[in-house]
Structure formats: structure tokens, C-alpha cells
Amino acid sequence: MSNDTNVDDPPKDEPDAEPESDQTQSRPRDEEPASDRQGERSLLEEEGDRRDDVDDDDQRNDIDDSNADTGELDDSDEFDDPIADPNDELESDSTTEEAEDDIETVEDLGSTVEVDPGVEVDEENAEDDLLGGLKVDSTADIEVPDRLVDQVIGQDEARDIIIKAAKQRRHVMMIGSPGTGKSMLAKAMSQLLPREDLQDVLVYHNPDDGNEPKVRTVPAGKGEQIIDAHKEEARKRNQMRSILMWVIIAIIIGYTLLSPTSILLGIIAAGIVWLIFRYTSRGTDAMVPNMIVNNGDQRTAPFEDATGAHAGALLGDVRHDPFQSGGMETPSHDRVEPGSIHQSNKGVLFVDEMNTLDVRTQQKLMTAIQEGEFAITGQSERSSGAMVQTEPVPCDFIMIAAGNLDAMENMHPALRSRIKGYGYEVYMDDTIEDTAEMRRKYARFIAQEVERDGRLPHFEREAVEELILEAKRRAGRKDHLTLLFRDLGGLVRVAGDIARSEDREYTTRDDVLQAKSRSRSIEQQLADDYIERRKDYELQVTDDGVEGRVNGLAVMGEDSGIMLPVMAEIAPAQGGGQVIATGQLKEMAEESVQNVSAIIKKFSDVDLSEKDIHIQFVQAGQQGVDGDSASITVATAVISALEDIPVDQSIAMTGSLSVRGDVLPVGGVTHKIEAAAKAGCSKVIIPEANEQDVMIEEEYEEMIEIIPCSNISEVLDVALEGEPKKDSLVDRLKSITGSAFEGGQGAVGSASGSNPNPQ
Ligand SMILES: Nc1ncnc2c1ncn2[C@@H]1O[C@H](COP(=O)(O)OP(=O)(O)OP(=O)(O)O)[C@@H](O)[C@H]1O
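Note that the structure is predicted; figures quoted are calculated from it, not measured.

## Some details on the overall build of the chain
On a plain count of helices and strands, the chain comes out with 27 helices and 27 strands. Expressed as a percentage of its 759 residues, the buried residues of the chain come to 51%. Across the chain, every contact between residues at least 6 apart in sequence was considered, and the portion connecting residues at least 24 apart equals 75%. Carbon and sulfur atoms provide 46% of the accessible area of the chain, an area that totals close to 35,000 Å².

## Some remarks on the packing of helix H17 (residues 436-453) against helix H19 (residues 485-501)
Direction vectors running N to C along H17 and H19 enclose 65°, while the axes themselves pass 10 Å from each other. Here H17 runs over H19; the crossing is right-handed. Along its contact with H17, which presents Tyr442, Phe445, Ile446, Glu449 and Asp453, the element H19 presents Phe485, Leu488, Gly489, Val492 and Arg493. Of the residues contributing to the contact of H17 with H19, the split by class is six nonpolar, one polar and three charged.

## Here's the deal with the pairing of strand E8 (residues 348-352)
Counting buried positions along E8 gives five out of five residues, so the element sits mostly inside the fold. As paired strands, E8 and strand E11 (residues 398-403) are joined by five bridges and run parallel to one another. From the neighbouring strand, Val348 faces E11, where its bridge partner is Ile398.

## Some remarks on the site of the ligand
Close contacts around the ligand come from 17 residues, with Ile153, Gly179, Ser183, Arg452 and Arg486 the closest. Backbone polar atom of Lys182 to an oxygen atom of the ligand: 2.9 Å apart, as the coordinates give it. Interatomic distance of 2.9 Å between a side-chain N/O atom of Glu449 and an oxygen atom of the ligand. Notes on the ligand: free accessible area 620 Å², of which the protein chains cover 87%. Going through the elements one at a time, helix H9 (182-192), H17 and H19 are the ones with two or more residues in the shell around the ligand. Of the residues in the shell around the ligand, the class split is six nonpolar, six polar and five charged. Counting contributing residues, the shell around the ligand receives three or more from each of domain 1 (1-88 + 166-428) and domain 2 (116-140 + 429-519).

## Brief notes about a nonpolar patch on the surface
On the surface, Met240, Ile243, Val247 and Ile251 cluster together into a nonpolar patch covering about 410 Å² of accessible area. Within the secondary structure, Met240 is located in helix H10 (residues 222-258).

## So, the UniProt feature "active site" (unreviewed entry) in the chain
The feature "active site" (unreviewed entry), as given by UniProt, occupies Ser629 and Lys672 in the numbering adopted here. Across 44 residues, the annotated set stays spatially compact, with a maximum C-alpha separation of 10.7 Å. Here Ser629 shows up in the loop between strand E21 (611-617) and helix H23 (631-643). Judged by relative accessible area, which is 11%, Ser629 ranks as buried. Apart from residues lying up to four places away in sequence, Ser629 is in contact with Leu553, Thr654, Gly655, Ser656, Val666 and Lys672. Relative to the elements of secondary structure, Lys672 occurs in helix H24 (residues 669-679). Lys672 sits in the buried class, given a relative accessible area of 2%. Every residue in contact with Lys672, bar those within four places of it in the chain, is listed here: Leu553, Ala554, Val555, Gly561, Ser629, Thr654, Val666 and Gly667.

## Describing the pairing of strand E18 (residues 549-556)
Burial of E18 is extensive: seven of the eight residues sit out of reach of the surface. Taken together, the eight bridges between E18 and strand E19 (residues 560-572) define a ladder with antiparallel strand orientation. Looking at E19, one finds that Asn551 is bridged to Pro565.

The rules behind these values
- For every chain, the first residue of the written sequence is number 1, and numbering continues from 1 onward in sequence order.
- Owing to the predicted nature of the model, reporting of local features is limited to residues with pLDDT of at least 70; listing and counting of side-chain atom pairs is limited to 80 or more, with chain, interface and lining totals taken over all residues.
- Where side-chain values are given, they derive from all heavy atoms of the structure, hydrogens and water being excluded.
- The helix count covers DSSP runs of H or I at least four residues long, the strand count covers runs of E at least two residues long, and both are numbered beginning at the N terminus.
- For each residue, the accessible area found with a 1.4 Å probe, counting protein chains only, is set against the maximum for its type, and the residue is called buried under 20%, exposed over 50%, and partly exposed in between.
- What makes two residues a contact is simply this: any of their non-hydrogen atoms within 4.5 Å.
- Only the protein chains shown count as cover for residues, with accessible areas throughout obtained via the Shrake-Rupley method and a probe of 1.4 Å.
- Interaxial angles span 0 to 180 degrees and are taken between N-to-C directions of axes, which are lines fitted to C-alpha atoms, for helices over the stretch in contact.
- For any pair of crossing helices, the crossing counts as left-handed if the nearer helix is rotated counterclockwise from the farther one by less than a right angle, and right-handed if it is rotated clockwise.
- Charged means Asp, Glu, Lys or Arg here, nonpolar means Ala, Val, Leu, Ile, Met, Phe, Trp, Tyr, Cys or Pro, and polar covers whatever is left, Gly included.
- By this definition, two strands are paired if DSSP reports at least two bridges between them.
- Throughout, near means a residue has at least one heavy atom within 4 Å of the molecule or strand.
- Side-chain atoms alone can form a polar contact between residues adjacent in sequence; in general such a contact is a pair of N or O atoms within 3.5 Å, and within protein one must be able to donate a hydrogen while the other accepts it.
- Segment limits for the domains were obtained from an automatic or database-derived domain assignment.
- Patch construction takes residues with relative accessible area above 30% that form no salt bridge. Like charges are linked within 9 Å, and nonpolar side chains (Val, Leu, Ile, Met, Phe, Trp, Tyr) are linked within 5 Å.
- By salt bridge we mean one thing: a side-chain nitrogen of Lys or Arg within 4 Å of a carboxyl oxygen of Asp or Glu.
- UniProt positions are given in the numbering used here, feature names are shortened, and annotations may be inferred rather than shown by experiment.

Here's what the structure looks like:
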């Protein structure tokens, strides 16, 4: 493989380039994609002229390597192989033409694709209708578009980039939550790439060096013809050899019959002849090339998902041969296995969680991206395959690297910069604005999932409405719908399965409700179990007030809330006042404790250097506490302990606290409120800014009162029982905050210009 390409070379294809075939001849040699150079002009052009003169094996000796690098392409797609008849009609030609009608080229695609749901829409009432005005009784009435790119909902930026990148042959990195459509978009891209560029790749025996098999590319569909022609040729040769062998054996037998004294010699001679012929016929079979990439039946450009692939599967491999000599061995070209990078030539290589590939593999992948070709060698040093290295095999793929933020951080920096420098990066959205058009698309998504599954009953209108409500709820954001479609698709399947198990024609709203309770995540099940156990021990909600104890709320996983009490205790300092936090606090929570102490120091006469403040996240266990969403809980617990004022135990709370006393928004409020209700709390304090995100289930609405607060004084007002002592911390906070917090972010520090605690 050549190493002369600089890492900083420009990409081989320019943006908005003309179709390659028109360009190739005028393009300077250095700018041509390697696979073009090697591919379209491809195989053995000179050899055909000689086919009548020389023996088959010798012909392959004559493969002129230098031609493979001249860069002169034969636009006519004419292809010569020593065996295949170059005048044969390519079967794949007709397929290509037919399919051209089905699949639009990239140029024909607009950057946004409006999809007609195929049914009438009541535009007037669309905004108020959960189905966006779709006049349907069930999902059976909704048409599902054929192309994947049209099935993608939301992710407008990612979709536009995919369309653009397909046109310009650029790499893309997609980062975002699981199940938001990364692999779907990558697959969609492969449908947008031109099919006429596809190639078959053949590996030939190299008579000059058995360990360096030759590699040739031919237009897709031609490979199979070549293989068939080679097999036919081998069959004919073997037939001729057999006839010759039997003639010789017959002569020997005839001769021995005439002189019976040498019967034994005759039998031995016949046996030797037989063995010689058998041995040489093996050689004839072995000369059939090995087609490692067969795109003959491919209806779209290839899509290869190499997520979690080990080096061999990704980069190709050469199998071990236990019989390495003596005529028993399998020729090296027959042992060559392609990797995903080769199979995705002219198509899309999708790698999710790129960081799981080891560094060496990432480096090799980078080389493959740079060069557009990559020789195949045995991946295991102990295998005889490691002796073999093919000529470079084309791997001119578009790379789609995907993952979450961690994947990006741990990716090989050079590989990342390669993708970034010569491609696009896009962050996938988790939610999308809830509009009538979007709801119509969600209804179509359900129809899509039903059709894709093939066995599920279609969904009644009310069932679709319930699922769209669920999508709103899962968004956790006002006027938004979740884009975590994999999970939503899971719910569709469970609901459909319930209806199917009861042999019903349609899936109903009840099925969806049942599916929701059945398809609880592990975290939800754990959280519910946890709440139930704590109820058994009466560890959480009581009617009495308790000093220094507050019911905090946390999120487990992505979709379940849990109640975690926080306790504070003040003790005389033993060597300078400290804040001591226990209960598997994580970094962010430690920080929130520090913020809280800033407020206490500012608004209290208490000399904190004389006190140790102990804070415990009671029985936080494995769940721990992440984020700073517990900081108003910590502040309330500490203030209650400092001031000896009990906290109402029927209240739970969540909210982040700024060092100046503002209550800032947090994530997962809906799940947290539901957890508080399940635990038996009658009130829950949430940040005012989160009020719009609340989408709790009907059953909890009656159970709990939601109290939005914008600053710590409002929180204390609701949570603390009894009146604070005059000039105490609570009293000071209360007296200044009324006006001071109204300004929002200005909050406590700048409150009314008078610092209550001048020290
Ligand atoms: N934006 C979307 N529009 C329509 N359907 C979607 C979308 N995103 C995901 N889906 C549905 O969810 C399924 C799973 O999505 P996909 O595998 O593309 O997610 P992903 O982002 O690649 O997730 P992961 O990173 O876990 O592999 C898809 O097959 C499709 O049915």
C-alpha cells in the first residue's frame, strides 16, 4: 500500500463535483480517488489480446501492474478478463437502469423533504388536534414513504447534512442520544448514493509472489460473470485433462495386458498418471479468482454497520491455512476475506461508539480513509495469513461515525480531525417543537413501525393520540415531543403485541396504556421497588416536621424519579469549620454543598468556622446524587438544622440553587414529581422555570400539589414550619428576598443594596 499521501492532502473529491465518470480523465492523477484509478479501468486490458496466444496461467503472469496506476479510464466500461468474454452483456446493466427510475439521484433531492401523509388534513383544527388534523380512523389509512430519508422525523439539520454529504461524498460525525436516528440516517444516505459507481472486487492468484495476491475491480455485476467464466474454463480444462489421462491409462493397461509379466508395473504407472492429473487439476481450480466484494445484486450503495467490529471484520483478514505447502495448501488469494471498509466501497461505513475501537484499529481506519484503498493482511500474527498481503483493495467509503459525547471525547484525535476537516459534525436533537405537522409525522411513525414489523395490528385513532401524548410527556419540555424514537417504537411494539395476543384487528388506547405499565425500564422498576421498600420501613413521609431533614428528589436512568432524603447536622468544629458530605456524593453534588454554604455564610451571624456542617444523602446507595438538582434540598436541610426549625415532611423538593439564592431549573421534573406522589408526599416544590415542563400522568395530578418557587426564601416559606426567630438566618433571608429576588438573577447578593451580614 502506498504511503505517499499526506494526511493534510485535500479530499479526493471536491464538493459539488461533477459525477466522477465525467471528470476522471481530466483530473490530475494525484486527485483521483484511488479506487477510480484502480477500478474502472481495472483489469488486464492488455491481456485479452494475448488470450489466444498464451496459456491461462501465463496470461496472469502478464498482468501489467504499471497499467493499474496510469489513471487512464475506459469510460465505456469495457472490461477484459483473460477468461470472461468482454462482449458479454452485463446483466446488471438492465437492473441499474430499472433501479434508476426508482431511486432519485442526490441532485434531485431538495434539502428538505416534505412528506405527504397521503390522507386529507383538517387544516382549520390541526393545531388543536392531537393528530395534527389527520382525518384518519387508524394508522392503516396513513401512507408510509418508501425512502428512509423521507421517514426520518425531526433532525432537520442532520438530514440536510446527510443529503449534502452524500452529494459531496463527505464524512459525517453524528453525536447524540441513542435511538434518535443516527444509524437510520446513515442507511438513508446509502440510498442516496449513485449505484452506477458500484464495483465488484476480485482477488487473483499472483504467480510471481504467492503471498501478494492481485486485486482487480470491475463494474458491479461483472464479477460474477468472470467467476463463472473462470469456472467454466477450469471445467473444460479438467475435462480435457481427464480425457487425456484416461487415454494414457488405457494405453498403459493395453500395453500391460499384452505383456502380463509387467502387470504390477502397469498398475503403478497408471496410478502415477492418475495422481499427476489429479494434482494438476487442483491447480486449475485454484486459478479461479476470489470475489471478495459482490455488488451484483445490490439495489442501493452498500451500507455496512461496523459497530463493535474487531480488527479483522473491519479491515479484512487472511485465513490461516494448516497445510501450507506440498500441494495441499489453499492458495492465498482464496483465503482473503474482505473487511467492512472494503464492502462499503462506494457506500457508507457506519461506526457507532467509535471509541470502542482500539487505537491501532482507529489509526488503520484513518489510513484507509486517507488513501481510499487498504491492503488486506492476516490480522493474527500467529496465523499463516499474516504472511499474505494483497495489493491495495479499494475502500472509497463515506464514514459516518456516531456515538454520545463520551464517544467523541475518547476518539482518536487524528481520526476526529480527519472527519471534522473533511466532513461535517452534527449534534442530534432529543426533542422537537410540538406542531401540527410534527404530530402528523408521529402518527406516520406509528404506521411505519406497524408496517416494518409486519405482524402488528394497526393503531386506532385514540391509541395514536395516547402515544403522541406519551411523546409529549417523554420530551420533558413544554410544547415539545421526544425524538427518542427507539423507545417510542418499543412502546408501539408492546402495545401492538398485546392487541395481537388477543387477536384484535386494531390496537386500542387501552393496549397503549397497558404497554406503558408493562414496558417500564429497569430503572423505573428499581425506583418503584425502592419507593415501596422505603414505605415498608416508614422511612419517608410523615405528618410531623423534622429538623434538618428534607425529602429530596433525584432521577434514576432517564425516565424514573426517586425520593432521597437529605439530612443535616451541625456540630462544634474540630479544627476549623468544614462542610462534610456523605452518602456517595458525586462531584457536582459536592459543589452544590459549597454553594449553599456561601449563602449561609452571607446571611447568618453564625460563625461557620466554629461549626462543622454534616450533610448526608440518606441511603443514596448506588443511585448516588448527580447534578446540582439537590442544592435547594441541601440548603433547606442545613438552614433548618442551624436554626432549629422543623421541615414539613409531607413536602418533597427539587431545584438548583445559585450562590445568590435563585432557584434554577433542573431536569426530569415530571419523573421527580411522580416519584414524590408515589412516595405519599402531598406537595412538591419545583423551580418556577420548570413549571412548563410538567407533564405528569392524570393519576398523579390529584395526589400532589405542585409549588413553583423562584428563590430560596419562597422555598423556606413553604417548607419550614413555625415562625423564624427575629434576626435569624431565615428571618433575614425572608425580609430581604421579597423585593430582592423579584429581579431574578440579581438575587440575594445585590438585595436592596444592604448586606445583612456585613462581616
Ligand atoms: N428521527 C427518526 N425518525 C423516525 N424514526 C426514527 C428516528 N430515529 C429513530 N427512529 C426509529 O428508531 C429506530 C432506531 O433508531 P436508530 O438505530 O437509527 O438510532 P441510533 O441513533 O442509531 O441509536 P444507537 O446510537 O443506539 O444505535 C429506527 O429504526 C427507527 O425506527
